[in-house]
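# Reading the structure
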Amino acid sequence: GTCLGSILAFALLGPTLAAPSCLGDDAWRVGAALTAKNIGGGLNFMGVAQTLSISGTAVTAALTVDNALGLLYFPLVNWLGRSVPPDAAPDKGATPLAVAAPLAGGA
């Protein structure tokens, strides 16, 4: 889903992001790095950014926008889910997986 969403977003916003006044030649690189971040976290972002030689200015802009949107997204999702009841309590007779499925050979 993440890769498909990234491709769709870049198809829709690519010309705007690739404008010289925005990210310029780093636009597709930033898209790849943000996709990597959404799949595996911040270290993935930095690894892809370094591998693709993204400029420091573009890295700073990408992380700033990503964090700002996260500050809007998570409270919004929490607010939208306010009427959804929490999951039911686990069955009192259930045993933890570590106890229920011991490793073969006693390891």
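Further up the page is the structure itself.
Here's a quick rundown of the structure. Values in this document were obtained by computation on a predicted structure and should not be read as measured data. (Residues numbered from 1 in each chain as written. Predicted model: local features only at pLDDT ≥ 70, side-chain atom pairs only at ≥ 80, totals over all residues. Heavy atoms only, no water.)

### Describing the overall build of the protein chain
Our working rule: Comment: elements are numbered from the N terminus, with helices defined as DSSP H or I runs of at least four residues and strands as E runs of at least two. Remark: exposure states derive from per-residue accessible area (1.4 Å probe, protein chains only) relative to the maximum for the residue type, with buried under 20%, exposed over 50%, and partly exposed in between. Any two residues whose heavy atoms approach within 4.5 Å are treated as being in contact. Accessible surface area values rest on a Shrake-Rupley calculation with a 1.4 Å probe, where residue burial reflects the displayed protein chains alone.
From N to C terminus, the protein chain includes 5 helices and 0 strands. Helices and strands appear in the protein chain in the N-to-C order α-α-α-α-α. Taking all 107 residues of the protein chain together, 14% fall into the buried category. Nonlocal contacts in the protein chain, meaning residues at least 24 apart in sequence, comprise 42% of its contacts between residues at least 6 apart. Counting every atom, the protein chain has about 8,100 Å² of accessible surface; 68% of that belongs to carbon and sulfur.

### Looking at unusual backbone geometry
The phi torsion at serine 53 lies on the positive side, around 55°, for a residue other than glycine. Inspection of the secondary structure puts serine 53 in the loop between α3 (42-51) and α4 (56-80). Here serine 53 falls in the exposed class, since its relative accessible area comes to 58%.

### Describing the nonpolar core
Note the threshold: The term nonpolar core refers to a set of buried residues drawn from Ala, Val, Leu, Ile, Met, Phe, Trp, Tyr and Cys, joined through side-chain atoms within 4.5 Å.
In this structure, Leu23, Ala27, Val30, Ala33, Phe45, Ala49, Ile54, Ala58, Val59 and Ala62 together form the largest nonpolar core, which totals 10 residues. Discounting residues that sit within four places of it in the chain, valine 59 has contacts with Phe45, Ala49 and Ile54.

### Things to note about the packing of helix α1 (residues 2-17) against helix α2 (residues 27-40)
To be explicit about the condition: To obtain an axis, a line is fitted to C-alpha atoms, over the contacting stretch when the element is a helix, and the angle between two such axes runs from 0 to 180 degrees between their N-to-C directions. Every angle not falling under 35 degrees, over 145, or within 65 to 115 is termed oblique; those three ranges are roughly parallel, roughly antiparallel and roughly perpendicular. Crossing handedness is defined as follows: a turn of the near helix away from the far one that is anticlockwise and smaller than a right angle gives a left-handed crossing, while the clockwise case is right-handed. All residues other than Ala, Val, Leu, Ile, Met, Phe, Trp, Tyr, Cys, Pro, Asp, Glu, Lys and Arg, Gly among them, are scored as polar; the first ten of these are nonpolar and the last four charged.
Between α1 and α2, the least distance of the axes is 10 Å, while the angle of their chain directions is 155°. Classified by the interaxial angle, the pair formed by α1 and α2 is roughly antiparallel. Two packed elements cross with a definite hand, and for α1 against α2 that hand is right-handed. When α1 is examined against α2, the residues Thr2, Cys3, Ser6, Phe10 and Leu17 are found in contact with a partner set consisting of Ala27, Trp28, Thr35, Asn38 and Ile39. Its residues placed into classes, the contact of α1 with α2 shows 6 nonpolar, 4 polar and no charged.

### Re the environment of threonine 57
Along the chain, threonine 57 turns up in helix α4. According to the relative accessible area criterion, threonine 57 is exposed, its value standing at 64%. With 34 residues separating them in the primary sequence, threonine 57 and leucine 23 have C-alpha atoms 8.8 Å apart.

### A word on a nonpolar patch on the surface
Formally: Residues enter patches when their relative accessible area tops 30% and they take part in no salt bridge; the joining distance is 9 Å for like charges and 5 Å for the nonpolar side chains Val, Leu, Ile, Met, Phe, Trp and Tyr. Whenever Lys or Arg places a side-chain nitrogen within 4 Å of a carboxyl oxygen from Asp or Glu, that contact is recorded as a salt bridge.
Together, Leu8, Leu12 and Leu13 make up an exposed nonpolar region whose accessible area comes to about 320 Å². Along the polypeptide, leucine 8 turns up in helix α1.

### Section: the packing of aromatic side chains
As a reminder, the rule being used: Note on ring pairs: Phe, Tyr and Trp rings are taken, using the six-membered ring of Trp, and paired if centres are within 6.5 Å. Classes follow the plane angle, with under 30 degrees stacked, over 60 edge-to-face and the rest tilted. A positively charged side chain is recorded as over a ring if its NZ (Lys) or CZ (Arg) lies within 6 Å of the ring centre. The angle to the ring normal must also be within 35 degrees.
Inspection of the entire model under this criterion finds 1 aromatic pair. Its end group placed over the ring of tryptophan 79, arginine 82 keeps NZ or CZ at 4.0 Å from the ring centre.

### Description of α4
Counted only if it meets this: To estimate how far a helix should extend, the number of its residues minus one is multiplied by 1.5 Å.
With 25 residues, α4 should cover 36 Å at 1.5 Å per step; its first-to-last C-alpha distance of 36 Å lies within 8% of that length. All buried positions along α4 are accounted for by Ala58, Val59 and Ala62.

The values reported here are purely geometric and, on their own, carry no functional implication.
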